[in-house]
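One-letter residues, chain by chain:
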Amino acid sequence: MTVLERKPYVGGRAYSYEHPALQEIVDSQHVLLGCCTNLIELCEQAGTADKIRWYDEQTFLEPNGRASTIAVSDLPAPFHFAPSFLTIPMLGWKDKLRIARGLMEFFRGYPAEDRESVEQWLKRTGQTERAIRHFWSPIVMATLNDGMAHCSTRYAGKVFHELFVKSSTGGRLGIPTVPLSEFYLGAAQLVESNGGTVQLRASVESITQEPDGRWRANAADAAYTADSIILALPFEQTQRLLPAVLLNDGQAVDTEAGLESKMARMEHSPFTSILLWYDRQITDLDHAWLLDSTIEWFFHKSRIRRYAPEKGSYVELVIAGSKVQLSLSRDEILSSALRELEQFFPEVRRATLLKSGVLKEARATFSVTPGLDQFRPTQQTEWPGLYLAGDWTATEWPSTMEGAVRSGRLAAGALVGDANRFMAAETPASGLMRWLSR
């Protein structure tokens, strides 16, 4: 097996690199959850499971400094969050009742159809304005990276079911403690330890089918021939390669009515990270949700990575679904973020900002828009020996690292003729959900 990677480092869209101006290894924060069973299993196989820091508590901060913490209790699922949920001050009793009513819709799973938007679902279930602002919206933005009118209830429902209802472990938050390309280096080494090759800086420019039915991947300075090819690319790059696929008789394949038309329905959603280095510790929190703010999520990367306190604070602020920020300058994004950060962490006013960076990922994820499922292609194509991977393919998951791993394993399964051969078991229901979810 040969893996061809365009970049000089591994990780795909979950990558890190040395920023020339900052002279730091940087990345945009990615997280995993307890329900990401395929990703967790891959990390265990690759020897990087010990590079994940797990959290059972989630802290929500309001601009006035008030904190609400949701934590796993000893109660059985689906009541494992109930004690802390009932006491958090960010929601009133009416908000909590509406949220509980909404979560009950996902006790038996999540919708099979994907036509309803989250916005429509919120109206249908009578969610309050504060419940939307302090609970539903932050979670949808953080997990699906887009606004509620643009996300299908099917995938939001999967998030709510897996994180808050099904088990007491599915909602655990895992954060890599090393930069992402270092985190995924173990996966590349796993390939090589099994006799494979990982070729970096190998950008595939076209693929063709040879007269004998084998496949040829043409890179800038080399060509690679194989019985089968798995294209593990973003959908727009896959679109560029597919028209160059040739049949044995040398005639180009017409994909307009098939894969190309499906991929034309895909949309990107951007993601913006603001990276900050301070001369001192600005908080003792490792991470937090920031409510009523442009910033959705705060990651204290120096604490997550257990840097010495005297090194100060290395912080990442996340703006999910950041379409507005794409047209703003670096200074505009930074100044706004710093003003908002001070409202949550007053120590910022006393700290010295040593350096900063703004990372815009215009094509960070694909949007799980209502009705998209019918256009997500399976991993097996109409051409024998040609398979697709990528989180945008039919994985049953939104645009996540778990979805990406699932797509690769499904593609490998399709190649050997056993679709589920390499798939990890799903997180089992626990507590009362073992009976309620049947």
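For the structure, check the block above.
Here goes a summary of the coordinates provided. Please read these numbers as outputs of a predicted model, since none were measured by experiment.

### What to know about the environment of I25
Along the chain, I25 falls in strand β3 (residues 24-27). We classify I25 as partly exposed; its relative accessible area is 41%. When the C-alpha positions of I25 and P179 are compared, they lie 7.1 Å apart, and in sequence the two are 154 residues distant. Filtering out sequence-adjacent residues up to four positions away, I25 remains in contact with S16, Y17, E18, P179 and Y314.

### Brief notes about the packing of aromatic side chains
One pass over the full model with this rule turns up 18 aromatic pairs. Ring centres 4.9 Å apart and planes at 80 degrees place the aromatic pair F135 and W136 in the edge-to-face group. For F135, a relative accessible area of 2% puts it in the buried group. On the accessibility criterion, W136 (0% relative accessible area) is buried.

### Details of the sheet that holds strand β4 (residues 32-33)
Taken in spatial order, the three strands make up an open sheet running β4-β8-β5, and their pairing is antiparallel. In the strand order of this sheet, the two ends are held by β4 and β5 (52-55), each with one partner. Bridge count for β4 against strand β8 (residues 173-176) is two bridges, and the pairing is antiparallel. Directly across from L33, in β8, lies its bridge partner L173.

### Looking at the side chain of S16
Structurally, S16 is set in strand β2 (residues 16-19). Of the polar contacts made by the side chain of S16, one reaches the backbone nitrogen of L180; its length is 3.5 Å. Looking at S16, its side chain comes within polar contact range of the main-chain nitrogen of S181, at 2.9 Å. Each residue touching S16, except ones within four places of it in the same chain, is listed here: Y9, I25, V26, D27, P179, L180, S181 and E182.

### Overview of the side chain of S152
With respect to the helices, strands and loops of the structure, S152 is situated in the loop between α5 (129-144) and α6 (153-165). With near-sequence residues (within four places) excluded, S152 lies in contact with D114, E116, S117, V118, V368, T369 and P370.

### Thoughts on a nonpolar patch on the surface
Taken together, the side chains of L75, F79, L432, W435 and L436 present a nonpolar region at the surface, about 460 Å² in accessible area. Mapped onto the elements of the fold, L436 is located in helix α13 (residues 433-436). On the basis of relative accessibility, which here comes to 34%, the residue L436 falls in the partly exposed class.

### Section: the environment of G171
Assignment of secondary structure puts G171 in the loop between α6 and β8. C-alpha of G171 to C-alpha of E57: the two residues are 114 residues apart in sequence and 9.5 Å apart in space. If we ignore the near neighbours within four places in the chain, the residues touching G171 are L33, E162 and L163.

### Overview of the packing of α5 against α6
Contact geometry of α5 with α6 gives a least axis separation of 10 Å together with a crossing angle of 105 degrees. Relative to α6, the element α5 is oriented roughly perpendicular. Taken together, the residues of α6 that come into contact with α5 (itself represented by F135, W136, I139, V140, T143 and L144) are Y155, A156, V159, F160 and F164. Each residue belonging to the contact of α5 with α6 can be placed in one class, and the counts come to ten nonpolar, one polar and no charged.

### Re the pattern of salt bridges
Considering all chains together, one arrives at 29 salt bridges under this definition. Residues R305 and D27 are paired through a salt bridge, measuring 3.9 Å at the closest nitrogen-oxygen approach. Taken together, the residues span a long stretch of sequence, with R305 in the loop between α10 (301-304) and β17 (313-320) and D27 in strand β3 at a distance of 278 residues. With a relative accessible area of 4%, D27 lands in the buried category.

### Examining unusual backbone geometry
Following A77, the chain continues to P78 via a peptide bond in cis, the omega torsion being 15 degrees. Along the chain, P78 falls in the loop between β7 (67-71) and α2 (82-87). The residue R201 is not glycine, and still its phi comes out positive at about 55 degrees. Take R201: it is sitting in the loop between β9 (197-199) and β10 (204-209).

### Focus on helix α1 (residues 37-46)
Among the ten residues in α1, seven count as buried, and that is most of the element. Every buried residue of α1 is accounted for by T37, N38, L39, I40, L42, C43 and A46. Buried residues belonging to α1 abut β4, β5, α7 (180-193) and α12 (401-416).

About the cut-offs
Residues numbered from 1 in each chain as written. Predicted model: local features only at pLDDT ≥ 70, side-chain atom pairs only at ≥ 80, totals over all residues. Heavy atoms only, no water. Helix = DSSP H or I, 4+ residues; strand = E, 2+ residues; numbered from the N terminus. Buried < 20%, exposed > 50% of the residue type's maximum accessible area, 1.4 Å probe, protein only. Contact = heavy atoms within 4.5 Å. Phe/Tyr/Trp six-rings, centres within 6.5 Å; stacked < 30°, edge-to-face > 60°. Pairing = 2+ DSSP bridges. Polar contact = N/O pair within 3.5 Å; in protein donor to acceptor, adjacent residues only side chain to side chain. Patch = residues over 30% accessible without salt bridge, like charges linked within 9 Å, V, L, I, M, F, W, Y side chains within 5 Å. Areas by Shrake-Rupley, 256 points an atom, 1.4 Å probe, with all protein chains shown as cover. Salt bridge = Lys/Arg side-chain N within 4 Å of Asp/Glu carboxyl O. Axes fitted to C-alpha atoms, helices over the stretch in contact; angles between N-to-C directions. Parallel < 35°, antiparallel > 145°, perpendicular 65-115°, else oblique. Nonpolar A, V, L, I, M, F, W, Y, C, P; charged D, E, K, R; others polar.

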